[in-house]
Every structure is written in C-alpha cells, then in structure tokens.
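A structural walkthrough
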Amino acid sequence: MLYHYTSLDGLIGIINGNSVWASHCKYLNDSTEYIHALNAPISLSNNIYMDDDYLSPFGFSIRKALDDMKHNDVYVSSFSEKPDLLSQWRGYCPPGRGVCIGFKREILEAFCKDNGLNLNKCIYNESEQFQKMSALIQQCQAEFPKPAVSREDYDAFDSKGRVDHELNYQQYVTKGDGKNQADAALNNLCNSITKLAPLFKDVGFHEESEWRITAENPTCSINFRAGISHLIPYITLPILSFSKEAIGEVIIGPNASSHNCSNSVSMLLKSAGFSDVNVRTSKIPFKSW
C-alpha cells in the first residue's frame, strides 16, 4: 500500500468527497522543488551554449524552452511507502489528531491510467537526478535538426566562417526549414521534464519514501483553499468514486484517546460504505498533546 498522512478533518473530507486533493506544485510546503529540478537541464543547456559554439543554437533553444516551461501548471498528491512513520506524524499531521490512510497501490495505478495521470516514486539521489536530465538532453539532441556542416569542417573555419555557421544554424532552427523539427524535439523534451521534475526531492527527505500522483495542465475545475499566507490552488482526484476498495487500512496517529478515535473512524468508514478496512493505532510512543 501507499500511505497518505492527514488530519481527522482531512479523513472526513476524503471519505465524504470520495477523493484526495492534488495541490499546485508552486504552492507546496517547499515551493522551490519544481524550479530546483530544472537547475540540471538549465545548467547543461548553458554549458552547451557557452562552451560549444558549434552547437550553441541548440543550447540556446533548450534554455529558452525551459524558461517558458516554468509556467506549466503541475498538481501533485503525495503518498509514502512507510506506514506509521514518526517524521510523517510530525510533519504532516496536527498534534494528536493525525491519521494515515493506506491506499492499495494497484488501484491507484489503475485510476491514474484511466485518467491520464502519473504515479511514480520520488527521486532523492542527486547523481540519479542529473543522469536522468542529461539523458533527456541527449535524446533531444538526437531529435533536433543537425547542423549543415560537420564538426570537422566547422573546426577548419576561420572566425568569420564560425560566426556565419552559428547565425545560419540559428536561423535554420528558429525560422527556416528546420523549425518544425526543432520545435517538436523541444516539445518532447519539455513534456518529459514536466513529468520528471515533480519527482525530484532533496536527499534530506529520503526517509519519507514518497510517491506522487502528478497531473500536468489539468482541464478539470481548479479549487482553492486558504494557506497560512496565501491561497493554494488544488484539484480533486476522485479515487474512491473509481473504487470503494481503494482504502486498505487506516492508522490512528499518536492520540490521547486512541481507542475512541479508532472506534469513531471505523463508524465513519462503515457509514460511508467502506468495508474490510483495517483500522489500527500507531505503535509509536510519541506524545504531542
């Protein structure tokens, strides 16, 4: 199962609304996550543009596409592989009023497949993050229009010949016959990065073992809720309308009245038509009330 940590109020909202929320990535607790993920491809494109005059129009085209891509709307809903994890109770649940909902992974996967969404595990290792972005840049280069002259011929040019090559190549891929092919390659690159970037997280959060459902530029209605200092855009994912069997268990977090809380949660689930859901209490001796 994959686990979603929330409050008692959050549990009521999920059960009564048959859905979980996916928040806009720019308004998450760490709003820099998505932009940070673009640092690797931006750095790679800058290196091409600044250090390889032969391919500089290619590097410039990537950088421009990435700058424009920052405005994409990406919504994420977070889950964890780890049930009953102390850092999750502390970080995502109100003191003494937290619950952990276990969703069956195969049902989440089926829901995402049917709705054009993505469910993937977050990537914490910086080296792996860089390698994946580098592979996307290499794939884009393979699809991008090739220069009219070979690198060997370019190396033999004088300064004027090299400048002429760069100008001609730039014109070819931005306004000439190579524009459609260049645009298609850049579009494929941005689409791939849009799917990958929301999965990048700082290695300091690796304990969370997070998985995310991501939705890019959704066409459904956008809702808003109040955050501490701003409004947070979100969309609803009707997972429980898709299948009442999606929830496998609910764990009651550290609680001053865990027995009563467990019983009342069981009543809520039964009244809403959820059967065979295991309700249990946290084993962590943590007092936060």
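Preceding this section is the structure that the text describes.
I will try to describe carefully the structure that is included in this document. (Residues numbered from 1 in each chain as written. Predicted model: local features only at pLDDT ≥ 70, side-chain atom pairs only at ≥ 80, totals over all residues. Heavy atoms only, no water.)

This part covers the overall build of the chain. Scanning the chain from N- to C-terminus turns up 12 helices and 10 strands. Its C-alpha atoms give the chain a radius of gyration of 24 Å, clearly above 19 Å, the size a compact globule of 289 residues would have. Taken along its principal axes, the extent of the C-alpha atoms in the chain is 80 × 35 × 35 Å. For the chain, the proportion of its 289 residues judged to be buried stands at 45%. In the chain, of all internal contacts separated by at least 6 residues, the share reaching a separation of at least 24 is 81%. Carbon and sulfur atoms provide 50% of the accessible area of the chain, an area that totals close to 14,800 Å². Distance between charge centres in the chain, computed from 27 positive and 33 negative side chains, equals 8 Å. (Helix = DSSP H or I, 4+ residues; strand = E, 2+ residues; numbered from the N terminus. Rg over C-alpha atoms; globule rule 2.2 N^0.38 Å. Buried < 20%, exposed > 50% of the residue type's maximum accessible area, 1.4 Å probe, protein only. Contact = heavy atoms within 4.5 Å. Areas by Shrake-Rupley, 256 points an atom, 1.4 Å probe, with all protein chains shown as cover. Lys, Arg positive; Asp, Glu negative; His and termini not counted. Charge placed at Lys NZ, Arg CZ, Asp CG, Glu CD.)

Time to look at the pairing of strand S10 (residues 278–281). Judged from the 4 bridges that link them, strand S9 (residues 247–252) and S10 form a sheet pairing that is parallel. Its bridge partner being in S10, Glu249 is matched across the sheet by Asn278. In this fold, S9 hands off to helix H12 (residues 258–271), which returns the chain to S10; that crossover is right-handed. (Pairing = 2+ DSSP bridges. Right-handed = clockwise from strand over helix to strand, strands pointing away.)

Turning our eyes to something else, we now look at the pattern of salt bridges. What the rule picks out here adds up to 12 salt bridges. Between Lys121 and Glu81 there is a salt bridge, with its nearest N and O atoms 3.3 Å apart. Placement of the pair is Lys121 in strand S5 (residues 118–121) and Glu81 in the loop between strand S3 (74–80) and helix H5 (86–92), with a sequence separation of 40 residues. One salt bridge in this structure joins Arg280 and Glu249, with 2.8 Å as the shortest N-O distance. With a gap of 31 residues between them, Arg280 in strand S10 and Glu249 in strand S9 connect regions that are remote in the sequence. Arg280 gets classed as partly exposed once you look at its relative accessible area, which sits at 25%. Under the relative-accessibility criterion, Glu249 is labelled buried at 7%. Via salt bridges that share partners, Lys201, Glu208, Glu210 and Arg212 belong to a single interconnected network. (Salt bridge = Lys/Arg side-chain N within 4 Å of Asp/Glu carboxyl O.)

A separate point is the packing of aromatic side chains. Aromatic rings considered in pairs are described by the distance between their centres and by the relative angle of their planes. As enumerated under the stated definition, the model contains 9 aromatic pairs in all. Both rings, one in Phe144 and one in Tyr169, keep their centres 6.5 Å apart while their planes meet at 80°; by these two values the pair is edge-to-face. Of this pair, Phe144 sits in the loop between helix H7 (126–143) and helix H8 (151–156) while Tyr169 sits in helix H9 (residues 159–174), and the two are 25 residues apart along the sequence. The cationic tip of Arg162 hangs over the ring face of Tyr154; the distance from NZ or CZ to the ring centre is 5.2 Å. (Phe/Tyr/Trp six-rings, centres within 6.5 Å; stacked < 30°, edge-to-face > 60°. Lys NZ or Arg CZ within 6 Å of the ring centre and 35° of its normal.)

What follows covers the pairing of strand S6 (residues 210–216). The buried fraction of S6 amounts to 6 of the 7 residues, a majority that puts the element mostly inside the structure. Strand direction decides the pairing type here: S5 and S6, joined by 4 bridges, are antiparallel. Residue pairing for S6: Leu119 is matched across the bridge by Ile213.

With that settled, consider H12. Helix length check: H12, at 14 residues, gives a terminal C-alpha distance of 20 Å against a target of 20 Å (1.5 Å per residue), a fit within 8%. Taken as a whole, H12 has its buried residues at Cys261, Ser262, Val265, Leu268 and Leu269. Around the axis of H12, the buried residues are gathered within 125° of arc, so they sit on the same side. Residues of H12 that are exposed and point over 90 degrees away from its buried face: His259, Asn260, Met267, Lys270 and Ser271. Packing partners of the buried residues in H12 comprise helix H1 (8–17), S9 and S10. Positive backbone phi, approximately 85°, marks Gly273, located one or two places after H12. (Expected span 1.5 Å × (residues − 1). Arc of directions from axis to C-beta.)

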